[in-house]
Each structure stands twice: as structure tokens, then as C-alpha cells.
Amino acid sequence: MSTLPPDLRLSVLDRSSIRQGQAPAQALRDTVRFARQAEELGYHRFWVAEHHSVPGVAGSAPTVLAAAIAAATSRIRVGTGGVMLPNHQPLVVAEQFGVLDALHPGRIDMGIGRSLGFTSGIRRALERGADAADDFPDQLARLLGFLTGEQSDHPGVHAVPGEGAGAAPFLLATGAGAATAAELGLPLVIAPVGGTERMAGLVADYRAGFRPSRWAPRPYVVVSTNVAVAGTAEAARRLLVPEAWSFAYSRTHAVFPPLVSAEEVEARTMTGRERDRFEEAMTGHVHGTEEQVARRLADLVERTGADEVLVTLSTYDRAEMLDSYTRLARLAGLTPARPAAAPAAG
């Protein structure tokens, strides 16, 4: 069996997916419980995402959910993957993470992204236009300026709390965003959108252009990817089916629905467009038996030089989901996390 690097960190990104027939409140409680389980398994971080007006996702307020998770755990780092900055004012984001860091010092990560609302209606409800992300680098610089106290756009305005907080910033990026992370000296979180080769090229450019900062003395790369582990390759593949169907439905009907079982998806008669989007959503993931996943993850880490892998898996059966994460923790040799000694990024 191929082995993973002994110093590789494994972390969790959870979207608070809603299962068919489930209330959003239960999905959120499940996320908090899952965070405790991830901590017991030895995962390094537990991050939650931001989605708005999505019937299949309960995670609409990541900093609020992160607060609940941090209060329910004691060792694992907690953060966002991410807060979508174009939806918010930089001052408010700085204050929110300042509060989180004040309550849970040394454990808070501030993952920031540039995505907008999924539909034009959501963007209007958020009072953001389609061009809201165009000045993302400036928004990000203002946010960091509020954290350091060095912002100059609003003289006399301070993030209280927030200024001087130890929340560790990370930039979720694709394409040109990797260059922004390098210029600002931020840890990079990147997914294989467009394929592993493209991602590896962006990571290489990030490392080449990286400027050390107070946030990170050297490049730090977190690769985010779906990982499914089961007793057989087919069982692992089927773990991916429920979310792949929700993705396909969202791309053909503009609504991301609650997860349904793999059996229900496989019994469906899909249209041609739905089938195309479904097959697209089923590709590019790391899945299989322990031996297959160890080999594929080791290859991914070798090709990208990743310091950390941010693991995502949303499937209908939560017991099967936990089993996948347990198998992954075992093959990686994870041990329960220790309390963070300092709020350094990474």
C-alpha cells in the first residue's frame, strides 16, 4: 500500500448538507456532532461553508456555525471554507472573526473566498451585483488591514474585537486567486477545478511568486478534494452518487436539492442533460478502498506538494459517511489533535 507523508495534515470541510425529509436544524446539529467525531479521529481542522437560499444546504452563516462548533470541541481548529467576502463588509468580517478568536484563542481559521450568490435572485437579495467580486483583492486587503490596524480607507475606524486577533487567514482560490494569495503572503486553499495538472501549475506559480508575510513565512498549500473510502471500490463510488445528483439537478434546474439515497438516484430516468452533468459530477474525486485511496492521495500530494488535504464528503447515509472518514483517518495514521499552541496560519 502506498503511504501518505507522515507530516501530512488531513482536515474536514462540511457543507451541512440536508437529507431528504430532514429539517435544516437537524443538519446543523449533525454538523456540530460530526465536528466532535472528527476531533476524536484526529483531523486537524473542521471548516464550514457559506451558501445562501440553497434547499439542500443548511450552512448559510458560517461564522455563527463555527462558533457553535468551537464551543462543542476543545482541540480541533475551527474555521470557514469559506466566508464569501463579496457578500459582506470587510469590517464586519474582521469583527466576527475577532469575536471567534477572543472566545477560542489559537483555534480559529479565517478561510475567505470570492464567490457570489448562485442565482441573480440571491445576489439581488444580498444587495450585490454580478460585478461584486471584481474588486476582491482590494476587499481582501481592507479586511487584512482591519485585522492589523493598518487600513487607511476609513481613518479612525477599528475592528473591535478583531484588530490584532489571531484568526489565521487562508485564501480559497482558483485561477488568478492563487496569484493574490502569493502577493499577500497567505496560505492557499485550492481544488482541482479544471484538472490536477492545471491545479499543480497554479500551485507552482503560487510558490514562485510567494511573498512572506506576518500571516505565513512560507508558501502553504491546502488541496481541497472529495474523498470517499469504503470496503470496495463500488461502495466508495456510490458514496459520491447522492451529491453528484444534487449537483446535476442544480445545473439543469437551478436548484440544489436535499440529498437522496444512491438507490433512488440510480432508479431515476435522467434526461440527456441531467446524465451529462451527473457523469461530470462523478469524475475527479479520490475514492476507492483504503489501498486505492492511499495510492491516489499520495499521488495527488506528490504532484502538488500539498502541505494539507481538506477532505469533503457529503452523502445520504451519515453512518456510511463517518465510516469513510474513520477509514481515512486510520490509513493516514491520525491521532487525536492536541490543543493549538499558537494562532499561526497552517
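Worth saying up front: this structure is predicted, and the values here are computed from it rather than measured.

S.K.: Describe the pattern of salt bridges, listing the residues and the values that go with them.
M.R.: Evaluation of the coordinates by the stated rule reveals 21 salt bridges. Residue R33 is joined to D30 by a salt bridge in which the shortest nitrogen-to-oxygen separation is 2.7 Å. Placement of both R33 and D30 in helix 1 (residues 24-41) is noted, with a separation of three residues, approximately one turn of the helix. Taking the relative accessible area as the measure of exposure, D30 reaches 4% and is therefore buried. A salt bridge links E279 to R275; the nearest nitrogen and oxygen atoms lie 3.4 Å apart. Residue E279 and its partner R275 are both found in helix 11 (residues 272-281); the two are separated by four residues, about one turn of the helix. A residue is classified by how much of its surface remains accessible, and R275, at 34% relative accessible area, is partly exposed. Among the ionic contacts, a cluster of salt bridges with common partners joins E234, R237, R238, E263 and E266.

S.K.: With reference to specific residues and values, describe the packing of helix 3 (residues 90-103) against helix 5 (residues 136-148).
M.R.: Where helix 3 contacts helix 5, the axes come no closer than 9 Å and their chain directions differ by 45°. Taken together, the axes of helix 3 and helix 5 are oblique relative to one another. Of the two elements, helix 3 crosses helix 5, and the hand of that crossing is right-handed. Residues P90, L91, V93 and A94 of helix 3 touch helix 5, and the partners they reach there are Q139, R142, L143, F146 and L147.

S.K.: Tell me about the packing of aromatic side chains, residues and numbers included.
M.R.: A complete count under the given rule lists six aromatic pairs for this structure. Each ring, one from F34 and one from Y325, has its centre 5.0 Å from the other, and the planes form 65°; the classification is edge-to-face. Placement of the pair is F34 in helix 1 and Y325 in helix 13 (residues 318-332), with a sequence separation of 291 residues. Their ring planes at 75° and their centres at 5.7 Å tell us that Y43 and Y325 sit as a pair that is edge-to-face. Of this pair, Y43 sits in the loop between helix 1 and strand 2 (45-48) while Y325 sits in helix 13, and the two are 282 residues apart along the sequence. Across the pair, exposure class does not vary: Y43 and Y325 are buried alike. Chaining the aromatic ring pairs together yields one cluster made of F34, Y43, F46 and Y325.

S.K.: Break down the pairing of strand 1 (residues 9-14) for me, with residues and values.
M.R.: The element strand 1 is extensively covered by neighbouring structure, given that five of its six residues are classed as buried. Of the strand pairs in this sheet, strand 1 and strand 10 (residues 308-312) are connected by four bridges, and their pairing is parallel. Of the residues in strand 10, the one forming a bridge with S11 is L310.

S.K.: So what's going on with the side chain of R107? Residues and values would help.
M.R.: Tracing the sequence through the fold places R107 in the loop between helix 3 and strand 5 (108-113). Within the local environment of R107, its side chain forms a polar contact with the side chain of T73, the two groups lying 2.5 Å apart. Within polar-contact distance, the side chain of R107 engages the backbone oxygen of I76 at 2.9 Å. The residues touching R107, leaving out its near neighbours within four places in the chain, are E39, A70, T73, S74, R75, I76, R77 and V78.

S.K.: Describe the confidence of the model for the protein, listing the residues and the values that go with them.
M.R.: For the protein, the mean per-residue pLDDT works out to 92, and 96% of the residues sit at or above 70. In the predicted structure, residues 339-346 sits below a pLDDT of 50 and forms 21 contacts with residues beyond four places in sequence or in another chain.

S.K.: Please set out the nonpolar core residue by residue, giving values where relevant.
M.R.: In a soluble, globular protein the nonpolar side chains are often hidden away together inside. Grouped together as the largest cluster of nonpolar side chains are 86 residues, with contacts concentrated most on Y43 and L328. If near-sequence neighbours (up to four positions away) are discounted, L328 is found in contact with L10, Y43, V227, V229, V293, L297 and V311. Grouped together as the second largest cluster of nonpolar side chains are ten residues, L13, F170, L172 and V189 included.

Each value, and the rule that gives it
Residues numbered from 1 in each chain as written. Predicted model: local features only at pLDDT ≥ 70, side-chain atom pairs only at ≥ 80, totals over all residues. Heavy atoms only, no water. Salt bridge = Lys/Arg side-chain N within 4 Å of Asp/Glu carboxyl O. Helix = DSSP H or I, 4+ residues; strand = E, 2+ residues; numbered from the N terminus. Buried < 20%, exposed > 50% of the residue type's maximum accessible area, 1.4 Å probe, protein only. Axes fitted to C-alpha atoms, helices over the stretch in contact; angles between N-to-C directions. Parallel < 35°, antiparallel > 145°, perpendicular 65-115°, else oblique. Left-handed = near helix turned anticlockwise from the far one by under 90°. Contact = heavy atoms within 4.5 Å. Phe/Tyr/Trp six-rings, centres within 6.5 Å; stacked < 30°, edge-to-face > 60°. Pairing = 2+ DSSP bridges. Polar contact = N/O pair within 3.5 Å; in protein donor to acceptor, adjacent residues only side chain to side chain. pLDDT = per-residue confidence, 0-100. Core = buried A, V, L, I, M, F, W, Y, C linked by side-chain atoms within 4.5 Å.

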